[in-house]
Amino acid sequence: MSAAQKPHAPTAPAVTLPGRPCSAAAALHVVGEKWALLAVREIFFGNHRFEAIARNTGAPRDRLAARLRSLEQAGVVERRPYNERPPRYEYHLTESGRELAPVIRALLEWGDRWVLEDRPVVMVHEPAADARTPWDAGTPGGTQSPAHAHDLDAAWICRTCGKEVVMNTLTVDVRAPGWDRSGPREPSPSDV
């Protein structure tokens, strides 16, 4: 297992969900609601204040406030004060939240391909940007793109073999006790 694949200590409270034990189900329990992912998108885009997040998501204020609280409790975002009197806070992505960037990217790409005719938001790859401040450092609207920046055309690469991953090369290895790909197994006499 590479360092990038090494599991982190969970930041969200443990939860027991009905159905198949699955990390995707657990992740969706935390970030799967529309307003939660749209709030993460806005913070990822550099919009840290509640007013901007509410305006840009179109979320009802009460629902957005609830989602931001739940994202904070799950360790996806953190509040940072920017004004003492009256107390005001900005929202920033934690390490956990920043690791949702590929999810946001995948949703943008899927929406570009299957839902919208235009590309209203384009992710731009800036190879020399790793020496600059990351998007979530508080710069509204991102940063200026250098001349060598280009629209992102990302691929899913296996860290073990270095090859691009395509769907027909994947299989599922179900490791949850008592489950296989088709669902729960009937208990065998040795399980009882």
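Structure: above.
Reference entry: report on the structure contained in this document. (Residues numbered from 1 in each chain as written. Predicted model: local features only at pLDDT ≥ 70, side-chain atom pairs only at ≥ 80, totals over all residues. Heavy atoms only, no water.)

## Here's the deal with helix H4 (residues 61-73)
- Taking 1.5 Å as the rise per residue, H4 with 13 residues should run 18 Å; its terminal C-alpha atoms sit 18 Å apart, in good agreement.
- Buried within H4 we find Leu64, Leu68 and Leu71. In an axial view of H4, the angular spread of the buried residues amounts to 60 degrees, which keeps them on one side of the axis. Turned more than 90 degrees away from the buried face of H4 sit Asp62 and Gln73, all of them exposed.
- Packed against the buried residues of H4 are helix H1 (23-31), helix H2 (34-44), helix H3 (50-57), strand E1 (77-83) and strand E2 (88-93).
- One or two positions beyond H4, positive phi appears at Gly75, with a value near 80 degrees. (Helix = DSSP H or I, 4+ residues; strand = E, 2+ residues; numbered from the N terminus. Expected span 1.5 Å × (residues − 1). Buried < 20%, exposed > 50% of the residue type's maximum accessible area, 1.4 Å probe, protein only. Arc of directions from axis to C-beta. Contact = heavy atoms within 4.5 Å.)

## Here we look at the packing of aromatic side chains
- Summed over all chains, the structure comprises one aromatic pair.
- Sitting over the face of the ring of Tyr89, Arg79 holds its NZ or CZ atom 4.1 Å from the ring centroid. (Phe/Tyr/Trp six-rings, centres within 6.5 Å; stacked < 30°, edge-to-face > 60°. Lys NZ or Arg CZ within 6 Å of the ring centre and 35° of its normal.)

## Brief notes about the nonpolar core
- Counting residues in hydrophobic clusters, the biggest one holds 25 residues, and the most contacted among them are Leu64, Leu71 and Val76.
- Secondary structure elements with two or more residues in this core: H2, H3, H4, E2 and helix H6 (101-114).
- In terms of residue count, H2 provides more of this core than any other element does, eight residues in total.
- Once residues lying within four places of it in the same chain are set aside, the contact partners of Val76 are Val30, Val31, Val40, Leu71, His92, Leu93, Thr94, Ser96, Gly97 and Leu100. (Core = buried A, V, L, I, M, F, W, Y, C linked by side-chain atoms within 4.5 Å.)

## Quick look at the packing of H2 against H4
- H4 packs onto H2 with a crossing angle of 75 degrees between their chain directions and a minimal axis gap of 9 Å. Here H4 runs roughly perpendicular to H2, going by the angle between their axes. Along its contact with H2, which presents Trp35, Ala36, Ala39, Val40 and Ile43, the element H4 presents Arg63, Leu64, Arg67, Leu68 and Leu71.
- For the contact of H2 with H4, the residue count by class is eight nonpolar, no polar and two charged. (Axes fitted to C-alpha atoms, helices over the stretch in contact; angles between N-to-C directions. Parallel < 35°, antiparallel > 145°, perpendicular 65-115°, else oblique. Nonpolar A, V, L, I, M, F, W, Y, C, P; charged D, E, K, R; others polar.)

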